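Residue-level structure breakdown
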Amino acid sequence: MARIIAGVAASHIPAVGAAWDNGKADEPYWRPVFKGFERSKEWIARVKPDVCIVVYNDHMSAFSLEIVPTFAIGCAAEFPIADEGWGPRPVPDVVGHPELASHIAQAVIQDDFDLTIVNRMEVDHGLTVPLTLMFGKPKEWPCPIVPIAVNVVVYPVPTGNRCYMLGKAIRKAVESFDKDLRIVIFGTGGMSHQLQGPRAGLINRAFDTRFLDNLAPDPEALVRISHLEYLREAGSEAIELVMWLIMRGALDDRVKEIHRFYHVPASNTALGHIIFENMA
Amino acid sequence: MPLPKQYDDLPGTVVFDADRAREGYHLNMFCMSLMKPENRAAFKANERAYLDQWPMTEAQKQSILGRDWNGMLQLGGNIYFTAKLAATDGLSFQQIAAMMSGSTQEEYAQMMIRGGRPIEGNRSKAEWKKRG
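Residues numbered from 1 in each chain as written. Chains lettered and ligands numbered in written order. Predicted model: local features only at pLDDT ≥ 70, side-chain atom pairs only at ≥ 80, totals over all residues.

Observations regarding the interface of chain A and chain B
Note the threshold: Residue pairs are scored as contacts if the distance between their C-beta atoms, which are placed from the backbone, is within 7 Å. Think of it this way: any DSSP run of H or I at least four residues long counts as a helix, any run of E at least two long counts as a strand, and we number them from the N terminus.
On the side of chain B, 44 residues touch chain A, which itself brings 37 residues to the contact. When contributions to the side of chain A that touches chain B are tallied by element, the ones reaching two or more residues are helix H1 (14–21), helix H9 (227–234) and strand E9 (255–266) of chain A. At four residues, the largest contribution of residues to the side of chain A that touches chain B is made by H9 of chain A.

Here's the deal with unusual backbone geometry
All names here are of chain A. Here the residue pair Gly-190 and Met-191 is connected by a cis peptide bond, since its omega of -5° sits within 30 degrees of zero. Here Met-191 lies in the loop between strand E8 (182–188) and helix H7 (205–215). Phi is positive for Lys-48, which is not a glycine, with a value near 45°. Looking at the secondary structure, you find Lys-48 in the loop between helix H3 (38–47) and strand E2 (51–56).

Details of the packing of H1 of chain A against helix H5 (residues 125–135) of chain A
All names here are of chain A. The following threshold applies: To obtain each axis, a line is fitted to C-alpha atoms, and for helices this fit is confined to the stretch in contact; angles are then taken between N-to-C directions over 0 to 180 degrees. Throughout this description, any angle smaller than 35 degrees is read as roughly parallel, any larger than 145 degrees as roughly antiparallel, any in the 65 to 115 degree range as roughly perpendicular, and the remainder as oblique. Here a crossing is taken to be left-handed if its near helix is turned anticlockwise relative to the far helix by less than a right angle, and right-handed if that turn runs clockwise. Each residue is assigned to one of three groups, with Ala, Val, Leu, Ile, Met, Phe, Trp, Tyr, Cys and Pro labelled nonpolar, Asp, Glu, Lys and Arg labelled charged, and all others, Gly among them, labelled polar.
Contact geometry for H1 and H5: axes closest at 9 Å, N-to-C directions at 55°. Taken together, the axes of H1 and H5 are oblique relative to one another. The two elements H1 and H5 cross, and the hand of that crossing is left-handed. Between H1 and H5, the residues in contact are Pro-14, Val-16, Gly-17 and Trp-20 and His-125, Thr-128, Val-129 and Thr-132, respectively. Taken together, the residues of the contact of H1 with H5 sort by class into four nonpolar, four polar and no charged.

Digging into the domain arrangement of chain B
In many reports, interface size means the accessible area that the parts give up when they come together. Applicable threshold: Each domain's extent was defined by an automatic or database domain assignment.
According to the domain assignment, chain B contains domain 1 (16–90) and domain 2 (101–132). Computed over C-alpha atoms, the centres of domain 1 of chain B and domain 2 of chain B are 26 Å apart.

Thoughts on helix H4 (residues 98–110) of chain A
All names here are of chain A. Here is the rule: Expected helix span is given by 1.5 Å per residue-to-residue step, counting one fewer step than there are residues.
Taking 1.5 Å of rise per residue, 13 residues should cover 18 Å, and H4 covers 18 Å from first to last C-alpha, within 8% of that figure. Next to the buried residues of H4 lie E2, strand E3 (71–74), strand E6 (116–118), strand E7 (145–150) and helix H6 (160–175). Remark: Asp-112 follows H4 within two positions and exhibits a positive phi of approximately 80°.

With respect to the nonpolar core
Note the following rule: Note on definitions: a nonpolar core is a set of buried residues drawn from Ala, Val, Leu, Ile, Met, Phe, Trp, Tyr and Cys, linked by C-beta atoms within 7 Å. The burial criterion counts other C-beta atoms lying within 10 Å of a residue's C-beta, which is placed from the backbone; the residue is buried at 20 or more, exposed at 12 or fewer, and partly exposed between these limits.
If you look at the biggest cluster of nonpolar residues, it comprises 129 residues, and the most contacted ones within it are Ile-53, Val-55, Ile-73, Ile-104, Ile-183, Phe-186 and Met-243 of chain A. Apart from residues lying up to four places away in sequence, Phe-186 of chain A is in contact with Val-8, Ala-10, Cys-52, Ile-53, Val-54, Val-55, Pro-130 and Met-247 of chain A.

Quick word on the environment of Glu-47 of chain B
Residues and elements named next belong to chain B. Inspection of the secondary structure puts Glu-47 in helix H4 (residues 47–51). On the neighbour-count criterion, Glu-47 (13 C-beta atoms within 10 Å) is partly exposed. Separated by 19 residues in sequence, Glu-47 and Asn-28 have C-alpha atoms that sit 15 Å apart.

Considerations on the sheet that holds E2 of chain A
One key point about sheets: their strands pair by backbone hydrogen bonds, in either a parallel or an antiparallel sense. Residues and elements named next belong to chain A. Applicable threshold: By the convention used here, strands pair only if DSSP detects at least 2 bridges between them.
If you trace the eight strands from one edge of the open sheet to the other, you get E6-E3-E7-E2-E8-E1-E10-E9, paired in mixed fashion. Two strands lie at the open edges of the sheet, namely E6 and E9, each paired on one side alone. The mean inter-strand angle of the sheet, taken between neighbouring strand axes irrespective of direction, is 20°. Bridge count for E2 against E8 is five bridges, and the pairing is parallel.

What about the environment of Gln-62 of chain B?
Its place among the elements puts Gln-62 of chain B in helix H5 (residues 58–65). Among the residues examined, Gln-62 of chain B registers 14 C-beta atoms within 10 Å and is labelled partly exposed.

As for the pairing of strand E1 (residues 3–10) of chain A
Residues and elements named next belong to chain A. Among the eight residues in E1, six count as buried, and that is most of the element. Strand direction decides the pairing type here: E1 and E8, joined by seven bridges, are parallel. Paired with Ile-4 across the strands is Ile-183, a residue of E8.

Right, here's the structure in full:
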């Protein structure tokens, strides 16, 4: 039986990827950011997941305004790196796990969640920056990845509660897969940030701290945060935090916090990161 | 009857919903075309001619030609699309964020280092009005 053993949340700020790719990781501005992930890298090297499920959002790189799937699962064998206007990031292509992905699609759709099945998809910074933060600069990513893309760009986006319930459905699906796989699930994006308009640069440390504090013991409180509250209190792009709730939903009710890191600023954003292991 | 939009009260924020997506469809799809190097080159060679391939309004085209980053959002643009235009210009997210919020690069970067734009006083249009 496959099992989800741990969850990782991490912001996916594109400037972090650019800093890493351009050899700026040791500059005073960026050093604290990468230092915050040193323990995480050691942890994941120890845990050695067989597969990672990465919940992220496409920033209109693979999808466009033609079709906006609310939840999509990447079932391909490979996912090339998108050119977001600067040329593709110089990181390895992402290798999928088509068998597990199709199984999750089959099981989760039977469980009333309508995933869009995607057989050809480029992946952007939303997926690759967390991989860089957790795995550094390997020649190949150390394990196959099942990408799950969530629409958090075009409103209406899914509610936190819907995301949390999807996490639970993904967990059930994984546990009915007949191969012994140890899986880590990532929820990416956030925390407070606003990239657009005259209010750009908004950060709400108190909101973020509450979110981090409640994520393990009281996710049910977080799933009730409305779209309007995210927008008003934490900035227009903070809605990405609903993806952390998919990760949380896929874990045990009781989890152990392994590591936490919070840093302002990373470009326009409050960078948040937390690792949980299942406790049953 | 359309539902009232509660988020109209948010200050300095355009919520990109299905109505905005329809209004800005061609503007955003133009931005998306800049993900290909040959299209970036063609756009840079003759911006106006390149833009005329999209059935956008004249106001939308002018907002792009003038790099009116807030104007593009007001006319249906979305930041993740306009960021591809910024990348084509060699600008980062932080550089356009400074422009959109009316700061110099230096002021904006310093504000972020001090912890970002505070939430106090930035929750609603009413709060912005009070501040004047």
